[in-house]
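A look at the structure
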Amino acid sequence: KAGVTQTPRYLIKTRGQQVTLSCSPISGHRSVSWYQQTPGQGLQFLFEYFSETQRNKGNFPGRFSGRQFSNSRSEMNVSTLELGDSALYLCASSLEGQADKFFGPGTRLTVL
Amino acid sequence: GIQVEQSPPDLILQEGANSTLRCNFSDSVNNLQWFHQNPWGQLINLFYIPSGTKQNGRLSATTVATERYSLLYISSSQTTDSGVYFCAVAAFKGGSNYKLTFGKGTLLTVNP
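For clarity, every value in this text was computed on a predicted model and none was experimentally measured.

1. A closer look at the packing of aromatic side chains
The tally for this structure, following the rule as stated, stands at nine aromatic pairs over all chains. Plain terms: the ring middles of Tyr35 of chain A and Phe102 of chain B are 5.7 Å apart, the flat faces sit at 80° to each other, and that makes the pair edge-to-face. Of this pair, Tyr35 of chain A sits in strand E4 (residues 31-38) while Phe102 of chain B sits in strand E10 (residues 101-102), placing the two residues on different chains. A residue is classified by how much of its surface remains accessible, and Tyr35 of chain A, at 0% relative accessible area, is buried.

Here it is in structure tokens:
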């Protein structure tokens, strides 16, 4: 069974631009969650989706948003990029919200 | 929210040595996972272990939920074991909140 896939793997943007990251969960998994990893803050929860509904959101500004489609694929969007948004963005999928989570390879975003 | 502390923060071993990594958490949990982050940033699942003991080859893990800690044992370490090991937990309060809260990780270096 194919694992979690994320595209693109690397991205370079400039301040003020917006970016959209994509995540395809493991087949049959209905829960998708997103995490941001930075050297200073570590791994932090962004949001979690289940059956196209956002069930939980982390402590991030409104510039960070996401959605989930009927095929469970998810996208996250960051508008008006700031230098501090440079990070590794990791997507995880699970059968249900409370089941063990499996992570994708991540998207490394650099904001210049 | 729940707090997760990992120790030691750094560990240097010679190949063939054994090691124990510890994860303490501040509240009852429904989900506890151990991950190994590879050099490219992907989180590799090691164990899903909210309670009890599991073994997988040279790795084993034990979670004592009543005392709020988990241990990851690595025996006969190899250079390929190097990397950061994360413990992550989730507590389902009121039937929701499926986010994982991560510790800061243990950086393991295995020298040949």
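2. Some words on the interface of chain B and chain A
In this assembly, 17 residues from chain B lie in contact with 19 residues from chain A. Both sides of the chain B and chain A interface together cover about 1,600 Å² of buried area, and 56% of this is carbon and sulfur. Counting across the interface, chain B meets chain A through zero salt bridges. At the level of secondary structure, the elements contributing two or more residues to the side of chain B that touches chain A comprise strand E4 (31-37) and strand E5 (43-48) of chain B. Of the residues forming the side of chain B that touches chain A, the biggest block, four residues, is contributed by E4 of chain B. In terms of residue class, the side of chain B that touches chain A is built from nine nonpolar, seven polar and one charged.

What counts, and at which threshold
Residues numbered from 1 in each chain as written. Chains lettered and ligands numbered in written order. Predicted model: local features only at pLDDT ≥ 70, side-chain atom pairs only at ≥ 80, totals over all residues. Heavy atoms only, no water. Phe/Tyr/Trp six-rings, centres within 6.5 Å; stacked < 30°, edge-to-face > 60°. Helix = DSSP H or I, 4+ residues; strand = E, 2+ residues; numbered from the N terminus. Buried < 20%, exposed > 50% of the residue type's maximum accessible area, 1.4 Å probe, protein only. Contact = heavy atoms within 4.5 Å. Buried area = accessible area lost by both parts, 1.4 Å probe. Salt bridge = Lys/Arg side-chain N within 4 Å of Asp/Glu carboxyl O. Nonpolar A, V, L, I, M, F, W, Y, C, P; charged D, E, K, R; others polar.

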